[in-house]
Amino acid sequence: MDMEKNVILVTGGSGLVGKGIQMVINSDMREDEEWIFLTSKDANLLNKKETFDVFDKYKPTHVIHLAAIVGGLYAHIGANCEFFRKNMQMNDNILEACHKTKVKKLVSCLSTCIFPNKTSYPIDENMVHNGPPHPSNFGFSYAKRMMDVLSTAYNEEHGCMFTSVIPCNIFGPHDNFNVFQGHVMSGLISKAYEAKKNGTTFEIWGTGAAQRQFIYNLDLAKLFIWALREYQEIDPIILAPDEA
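Residues numbered from 1 in each chain as written. Predicted model: local features only at pLDDT ≥ 70, side-chain atom pairs only at ≥ 80, totals over all residues. Heavy atoms only, no water.

Caption draft 1: Fine view of the packing of aromatic side chains. Counted according to the given criterion, the structure contains four aromatic pairs. Between Trp226 and Tyr231 the ring centres are 5.8 Å apart and the planes differ by 40°, which places this aromatic pair in the tilted class. (Phe/Tyr/Trp six-rings, centres within 6.5 Å; stacked < 30°, edge-to-face > 60°.)

Right, dumping it as structure tokens:
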């Protein structure tokens with residue numbers, strides 16, 4: 001008798017987290033699982049038809065949604081409307097496709113930027129909607145927040161098992177080391193490298209008052225796989241190490 005397989009579709013498969021999951025799953029593959037990693041070459045997820053076509057092609061039973069329209073700090077300034085609209089459009093396409101094709105479980109990736117700009121520490125999952133996010137990238141932040149709202153709505157109205165995770169700041173192989181477009185850790189590594197190479201000052205932006213947690217993308221990948229296989233709550237869960 002043929003074993004019924006779970007087909008796991010990962011959007012954003014060529015990104016920092018997607019590549020991490022690929023690397024980890026190569027040594028943690030189960031016989032009843034088939035993993036498919038999508039890139040922008042496979043489908044434009046801003047396009048509803050292309051999104052539904054790729055779901056029809058692979059017929060996933062489970063989805064990890066990592067894809068997003070992203071940019072560095074300077075990209076977001078003056079473009080919050082664009083980041084909000086495009087990410088809302090993509091996320092709506094993915095969640096609707098998951099619902100219409102009866103995907104058993106969806107795990108979406110949120111971001112620490114969804115938390116209120118003015119908040120107390122330590123933060124937890126119950127604080128996500130307690131106030132506006134930082135004004136510099138509020139468009140992207142609100143679009144990510146709405147994924148939690150929409151997942152809850154799909155669960156309440158249609159019984160869908162749509163959940164999400166909130167990773168802290170990520171670093172690791174396949175990161176973007178562009179100072180203006182990449183993550184915090186990759187930007188610091190790039191700055192340190194350039195300062196050492198050129199004998200220049202190693203300058204760090206900010207006041208130094210911000211508190212951050214960091215997680216290696218391969219460690220995060222293991223937690224994503226755990227969330228897909230084991231986490232059974234609709235409410236989002238923070239994925240981060242204990243130490244700040």
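Caption draft 2: Region of the structure containing the packing of helix α2 (residues 48-58) against helix α4 (residues 80-100). Between α2 and α4, whose axes approach to 10 Å, the crossing angle comes to 40°. Between α2 and α4, the angle falls in the class oblique. Handedness of the crossing formed by α2 with α4: right-handed. For the pair α2 and α4, the contacting residues are Lys48, Thr51, Phe52 and Phe55 in the first and Asn93, Ile94, Glu96, Ala97, Cys98 and Lys100 in the second. Broken down by class, the residue content of the contact of α2 with α4 amounts to five nonpolar, two polar and three charged. (Axes fitted to C-alpha atoms, helices over the stretch in contact; angles between N-to-C directions. Helix = DSSP H or I, 4+ residues; strand = E, 2+ residues; numbered from the N terminus. Parallel < 35°, antiparallel > 145°, perpendicular 65-115°, else oblique. Left-handed = near helix turned anticlockwise from the far one by under 90°. Contact = heavy atoms within 4.5 Å. Nonpolar A, V, L, I, M, F, W, Y, C, P; charged D, E, K, R; others polar.)

Caption draft 3: Expanded view of the pairing of strand β2 (residues 33-37). For β2, the buried fraction is high: four of the five residues fall into the buried class. Inspection of the sheet shows strand β1 (residues 6-11) paired to β2 by five bridges, in the parallel sense. By the bridge assignment for β2, Asn6 is matched with Glu33. Note that the unit made of β1, helix α1 (residues 16-25) and β2 has a crossover that is right-handed. (Buried < 20%, exposed > 50% of the residue type's maximum accessible area, 1.4 Å probe, protein only. Pairing = 2+ DSSP bridges. Right-handed = clockwise from strand over helix to strand, strands pointing away.)

Caption draft 4: How the structure looks around the nonpolar core. The biggest cluster of nonpolar side chains holds 28 residues, and the ones touching the most others in it are Phe55, Val63, Ile94, Leu95, Cys98, Leu106 and Phe162. Contributing elements (two or more residues each) for this core: β1, α2, α4, α5 (138-158) and β5 (162-167). Broken down by element, this core gets its largest block of residues, five residues, from α4. For Phe55, the contacting residues outside a window of four places in its chain are Leu9, Pro60, Val63, Ile94, Ala97, Cys98, Thr101 and Val103. The next biggest cluster of nonpolar side chains, apart from the first, holds 27 residues, and it includes Trp35, Ile170, Ile215 and Ile225. (Core = buried A, V, L, I, M, F, W, Y, C linked by side-chain atoms within 4.5 Å.)

Caption draft 5: Molecular detail of the packing of α4 against α5. Contact pair α4 / α5: the axes reach a minimum separation of 8 Å and the direction vectors enclose 25°. Here α4 lies roughly parallel to α5, going by the angle between them. Between α4 and α5 lies a crossing of right-handed hand. Residues Asn80, Phe83, Phe84, Asn87, Met88, Asn91, Asp92, Leu95, Glu96 and His99 of α4 pack against Phe138, Gly139, Phe140, Tyr142, Ala143, Met146, Met147, Leu150, Ser151, Tyr154 and His158 of α5. The residue inventory of the contact of α4 with α5, partitioned by class, reads 12 nonpolar, seven polar and two charged.

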